[in-house]
Amino acid sequence: MQSPVTLVLIAITALVSWLAFNDRRIVDRAILWPPAVSQRREYWRLVSYGFLHADFPHLLFNMVTLFFFGRLIEQVMLQVTGSLLTYPLFYLAALVVSILPSYLKNQKNPNYFSLGASGAVSAVLFAFILISPWSRIFVFFIPAPAILYAVFYVGYSIWMDRKGGDRINHSAHLAGAAFGVMFMLAMEPRLAQVFVQQLLNPRFG
């Protein structure tokens, strides 16, 4: 499967994250820190935060997920729109949209920071689930239908977002997931009918 953009995104994210592991200055310049955006107009932070990760497992989990699901979404978007730009614009927009709820809530909070590609990766994952809801995906090495995972993922993220306390940006996961579905439907409205038809005629793969 030809997926140059996905591979480039993974390579750039891995490189920037690795460099940032050993250079705090990169983190300080790129992390999402709301006061820097609202007061200093450092708008690039709404995107650059997604190329940083807290540690290697965090980076590995996001990039493995992006590798397995991003390649297919890249191909679907290319087939539907005929443009190689659609997928990277989708991914970068997902970074911005997924972090907006957190940014707006914490514009004046000097103690709030966020980093990681999870919001954009959630957008990619839920775009995949929309077009292939009964595909088998592995959750911690346990196979599960994608649509059932999506229900659990959304429910758990809502619960943990309200509960708080685990230093994971669950609102970014939710916003990213919603953006992934809405972008796909805006790009190709017929996907809604295809999704419903697939739900009613499950084929496990």
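The structure reproduced in this document is the subject of the present report. Because the structure is a prediction, the values reported are computed rather than measured.

## Re helix α6 (residues 86-105)
With 20 residues, α6 should cover 28 Å at 1.5 Å per step; its first-to-last C-alpha distance of 29 Å lies within 8% of that length. At Ile99, α6 is bent by approximately 40°, the largest bend along its length, and proline Pro101 sits one to four residues beyond.

## Section: the packing of aromatic side chains
Evaluated as defined, the whole model comprises 11 aromatic pairs. Consider the rings of Tyr87 and Phe90, whose centres lie 6.4 Å apart with planes at 35°: the pair is tilted. Pair noted here: Tyr87 and Phe90 are both in helix α6, with a separation of 3 residues, about one helical turn. Residue classification places Tyr87 among the buried positions, given a relative accessible area of 1%. Plain terms: the ring middles of Phe179 and Phe183 are 5.7 Å apart, the flat faces sit at 50° to each other, and that makes the pair tilted. Of this pair, Phe179 and Phe183 are both found in helix α9 (residues 170-187), 4 residues apart, which corresponds to roughly one turn of the helix. With a relative accessible area of 13%, Phe179 lands in the buried category. Clustering of aromatic rings is evident, with ring pairs tying together Tyr87, Phe90, Phe179 and Phe183. The ring of Phe67 has Arg71 lying over it, and the distance from NZ or CZ to the ring centre is 4.0 Å.

## Points about the environment of Val80
Tracing the backbone shows Val80 in helix α5 (residues 56-81). The class for Val80 is partly exposed, based on a relative accessible area of 37%. For the pair Val80 and Glu188, spaced 108 residues apart in sequence, the C-alpha to C-alpha distance is 7.4 Å. When neighbours within four sequence positions are excluded, Val80 is seen to be in contact with Met187 and Glu188.

## A short note on the nonpolar core
Residues Leu66, Ile73, Tyr87, Phe90, Tyr91, Ile129 and Met184 are the most contacted members of the largest nonpolar core, which totals 48 residues. Examining the composition of this core, we find that 11 residues originate from one element, helix α7 (residues 118-131), more than from any other. When near neighbours in sequence (up to four residues on either side) are disregarded, Tyr87 contacts Val5, Thr6, Leu9, Leu66, Gly70, Ile73, Glu74, Met77 and Val124. Core analysis: the next-biggest nonpolar cluster, separate from the first, contains 7 residues, Ala20, Ala30, Ile31 and Ala36 among them.

## Topic: the layout of surface pockets
If you add up the space inside the largest pocket, you get close to 1800 Å³. Taken together, 49 residues line the largest pocket, and the ones lying closest to its centre are His58, Phe61, Asn62, Ser118 and His173. Listing elements by their share of the lining of the largest pocket, those giving two or more residues are α1 (4-21), α2 (24-30), α5, α6, α7, β1 (136-139), α8 (146-163) and α9. Of all the elements, α5 adds the most residues to the lining of the largest pocket, at 9 residues.

## Regarding the packing of α5 against α7
In contact at an axis separation of 9 Å, α5 and α7 are set at 40° when each is read in the N-to-C sense. When the axes of α5 and α7 are compared, the pair comes out oblique. Handedness of the α5/α7 crossing: left-handed. Across the interface between the two elements, His58, Asn62, Thr65, Leu66, Phe69, Gly70, Leu72, Ile73 and Val76 from α5 touch Ser118, Val121, Val124, Leu125, Ala127, Phe128 and Ile131 from α7.

## Regarding the pattern of salt bridges
Considering all chains together, one arrives at 5 salt bridges under this definition. A salt bridge links Arg25 to Asp23, with the nearest nitrogen and oxygen atoms 3.1 Å apart. Take Arg25: its relative accessible area is 66%, and that puts it in the exposed class. With its nearest N and O atoms 3.0 Å apart, the salt bridge here joins Arg24 to Asp28. Placement of the pair is Arg24 and Asp28 together in helix α2, with a separation of 4 residues, close to one helical turn.

Criteria and cut-off values
- Within every chain, residues take consecutive numbers counted from 1 along the sequence as written.
- Thresholds applied to this predicted model are a pLDDT of at least 70 for local features of residues and 80 or more for the giving and counting of side-chain atom pairs; totals over whole chains, interfaces and linings are not thresholded and use all residues.
- Hydrogens and waters are ignored; side-chain quantities use all the structure's heavy atoms.
- Only DSSP runs of H or I reaching four residues or more are called helices, and only runs of E reaching two or more are called strands; each is numbered from the N terminus.
- Here the expected length of a helix is defined as 1.5 Å per residue gap, with one fewer gap than residues.
- Think of it this way: the bend at a residue is just the angle between two axes, each fitted to seven residues, one set ending at that residue and the other starting at it.
- Two aromatic rings, drawn from Phe, Tyr or Trp (for Trp, its six-membered ring), form a pair once their centres lie within 6.5 Å of each other, and the interplanar angle then sorts them: stacked below 30 degrees, edge-to-face above 60, tilted otherwise.
- Each residue is assigned to one of three classes by its accessible area relative to the maximum for its type, calculated with a 1.4 Å probe on protein chains only: buried under 20%, partly exposed between the two thresholds, exposed over 50%.
- Look at NZ for Lys and CZ for Arg. If either is within 6 Å of the ring centre and within 35 degrees of the ring normal, a charge sits over the ring.
- Pairs of residues are marked as contacts when any of their non-hydrogen atoms sit within 4.5 Å.
- Take the buried Ala, Val, Leu, Ile, Met, Phe, Trp, Tyr and Cys residues and link them wherever side-chain atoms come within 4.5 Å; each set so joined is a nonpolar core.
- Definitions used throughout: a 1 Å grid over protein atoms alone; a cavity as a set of points that fits a 1.4 Å probe which cannot get out; a pocket as an open set with protein on both sides within 12 Å along at least five of seven lines; a lining residue as one with an atom within 4 Å of a point.
- Grid points are joined across faces, edges and corners, and a volume is the space filled by probe spheres set on the points.
- The axes are straight lines fitted to the C-alpha atoms, using for helices just the contacting stretch, and the angles between their N-to-C directions are given from 0 to 180°.
- What sets the label is the angle itself: under 35 degrees gives roughly parallel, over 145 gives roughly antiparallel, 65 to 115 gives roughly perpendicular, and the rest give oblique.
- Handedness of a helix crossing follows the sense of rotation of the near helix relative to the far helix, less than a right angle counterclockwise being left-handed and clockwise being right-handed.
- We define a salt bridge as a contact between a side-chain nitrogen of Lys or Arg and a carboxyl oxygen of Asp or Glu at a distance within 4 Å.

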